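Structural overview
What follows is each chain in one-letter form.
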Amino acid sequence: SSRRTTRAGSPMPPDDPTEARRLMVERQLRGRDIVDEAVLGAMERVPRELFVPEQERSRAYYDAALPLPHGQTISQPYMVARIAEALAIRPGEKVLDVGTGSGYQAAVLAELGAEVVTIERIPELAERARESLAAGGYGDVEVVVGDGTLGVPEHAPFDAIAVAAAAPGLPETLYEQLRPRGRLAVPVGGQLAQRLEVIVRSPEGPAVVHSVPCRFVPLLGKEGFRG
């Protein structure tokens, strides 16, 4: 059978979303260094095509970040899996997802069994994410509109917080909303290059337990980069 390829020569994802998801997990995740079976299973079940804009649907399973309205992006599948794996989510944990964007990361966290609250500063994106989450069967994810750098104090404390945008340093307010031993995954660095850090709330203060190079859009807000 003839295999379609992209201009760059890499194989095109198949038209069947289920098969496209399976290949994404095999090539982009397991084929790199994602080993957590719970995360791989969640990534194989969440219908990513529901979370990308209509005109990008054919590229839903590409190994790339995709554009969203208002200059935002839906993260590359690998980075979504990387954040989920780094946080080691357990079913029943309360998790805050900062920077909802499309709602895809929130859906993956919910698929892992977490009770998810997600915050987005752009009302139109929040509304669209709400619709996508409901369409995917994740209608119990709570979508809040506000400054993600300030968290959602009324739902704190959280077992884990996922930040899918780059911060100039440790977001103090988010750290304060963690339970003791809670985990915060955040890309830290300049606007061009960062390290994905996992910070644990310990009695001695913030403990960085994990760090890998990455690249995300800037986290905008009071404790992020200025918009």
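Scroll up for the structure.
These numbers come from a predicted model, not from an experiment.

A short note on the sheet that holds strand β6 (residues 158-163)
Read from one edge of the open sheet, seven strands run β5-β4-β3-β6-β7-β8-β9, paired in mixed fashion. Pairing within the sheet leaves two strands with one partner each, and these edge strands are β5 (142-145) and β9 (205-214). Across this sheet, the average inter-strand angle for adjacent strands is 15 degrees, counted without regard to direction. With nine bridges connecting them, strand β8 (residues 194-202) and β9 associate as antiparallel partners. By the bridge assignment for β9, R195 is matched with P213. Across the sheet, helix α5 (residues 123-135) is in contact with β4 (115-120) and β5; its angle to β5 comes to roughly 175 degrees.

So, the side chain of T149
Along the chain, T149 falls in the loop between β5 and β6. A relative accessible area of 0% means that T149 is categorised as buried. Of note is the side chain of T149, whose polar atom sits 2.7 Å from the side chain of D147.

Some details on the nonpolar core
M43 and Y104 are the most contacted members of the largest nonpolar core, which totals 53 residues. Secondary-structure elements contributing two or more residues to this core are α1 (17-30), α2 (37-45), α3 (77-87), α4 (104-111), α5, β6, β8 and β9. By residue number, the principal contributor to this core is α3, which donates eight residues. With residues near it in sequence (within four places) discarded, Y104 still touches M24, M43, V46, R48, F51, I74 and V80.

Describing the environment of V144
With respect to the secondary-structure elements, V144 resides in strand β5. Taking relative accessible area as the criterion, V144 reaches 16% and is therefore assigned buried. Along the primary structure V144 and V117 are separated by 27 residues, whereas in three dimensions their C-alpha atoms are 7.4 Å apart. Those residues in contact with V144 that lie beyond four places of it in its chain are V117, T118, I119, E120 and V152.

Observations concerning the pattern of salt bridges
A side chain of one charge can pair with a side chain of the opposite charge when the charged atoms of the two come close. What the rule picks out here adds up to 14 salt bridges. In this structure, the salt-bridge partner of E54 is R57, at a minimum N-O distance of 3.5 Å. Overall, E54 belongs to the exposed group, its relative accessible area being 57%. A salt bridge links D159 to R179; the shortest N-O distance between them is 2.9 Å. With D159 in strand β6 and R179 in strand β7 (residues 178-189), this pair connects stretches of sequence that are 20 residues apart. You can call R179 partly exposed: its relative accessible area is 32%. A cluster of three or more residues bridged by salt bridges with shared partners is formed by E26, R30 and E37.

Quick look at the packing of α1 against α2
For any two helices packed against each other, the geometry comes down to the angle between their axes and how far apart the axes lie. Axis separation between α1 and α2 bottoms out at 8 Å; the angle between their running directions is 140 degrees. Classified by the angle their axes make, α1 and α2 are oblique. For the pair α1 and α2, the sense of crossing is right-handed. Here R21, R22, M24, V25, L29 and R30 of α1 come into contact with α2, specifically with E37, L40, M43, E44 and R45. The class makeup of the residues in the contact of α1 with α2 is five nonpolar, no polar and six charged.

Remarks on the side chain of S132
Examined against the element boundaries, S132 turns out to sit in helix α5. The buried category is assigned to S132, whose relative accessible area is 7%. In contact with S132, not counting residues within four places along its chain, are L50, F51 and S102.

Some thoughts on α5
For α5, built from 13 residues, the straight-helix expectation of 18 Å at 1.5 Å per residue is met to within 8% by its first-to-last C-alpha distance of 18 Å. Listed as buried for α5 are L125, A126, A129, S132 and L133. Here the buried residues of α5 occupy an arc of 125 degrees about the axis, which is enough to place them on one side. The inward-facing, buried residues of α5 contact α4, β4 and β5. Phi for G137, located one or two positions after α5, is positive at around 90 degrees.

Scoring rules and cut-offs
Residues numbered from 1 in each chain as written. Predicted model: local features only at pLDDT ≥ 70, side-chain atom pairs only at ≥ 80, totals over all residues. Heavy atoms only, no water. Pairing = 2+ DSSP bridges. Helix = DSSP H or I, 4+ residues; strand = E, 2+ residues; numbered from the N terminus. Axes fitted to C-alpha atoms, helices over the stretch in contact; angles between N-to-C directions. Contact = heavy atoms within 4.5 Å. Buried < 20%, exposed > 50% of the residue type's maximum accessible area, 1.4 Å probe, protein only. Polar contact = N/O pair within 3.5 Å; in protein donor to acceptor, adjacent residues only side chain to side chain. Core = buried A, V, L, I, M, F, W, Y, C linked by side-chain atoms within 4.5 Å. Salt bridge = Lys/Arg side-chain N within 4 Å of Asp/Glu carboxyl O. Parallel < 35°, antiparallel > 145°, perpendicular 65-115°, else oblique. Left-handed = near helix turned anticlockwise from the far one by under 90°. Nonpolar A, V, L, I, M, F, W, Y, C, P; charged D, E, K, R; others polar. Expected span 1.5 Å × (residues − 1). Arc of directions from axis to C-beta.

The values reported here are purely geometric and, on their own, carry no functional implication.
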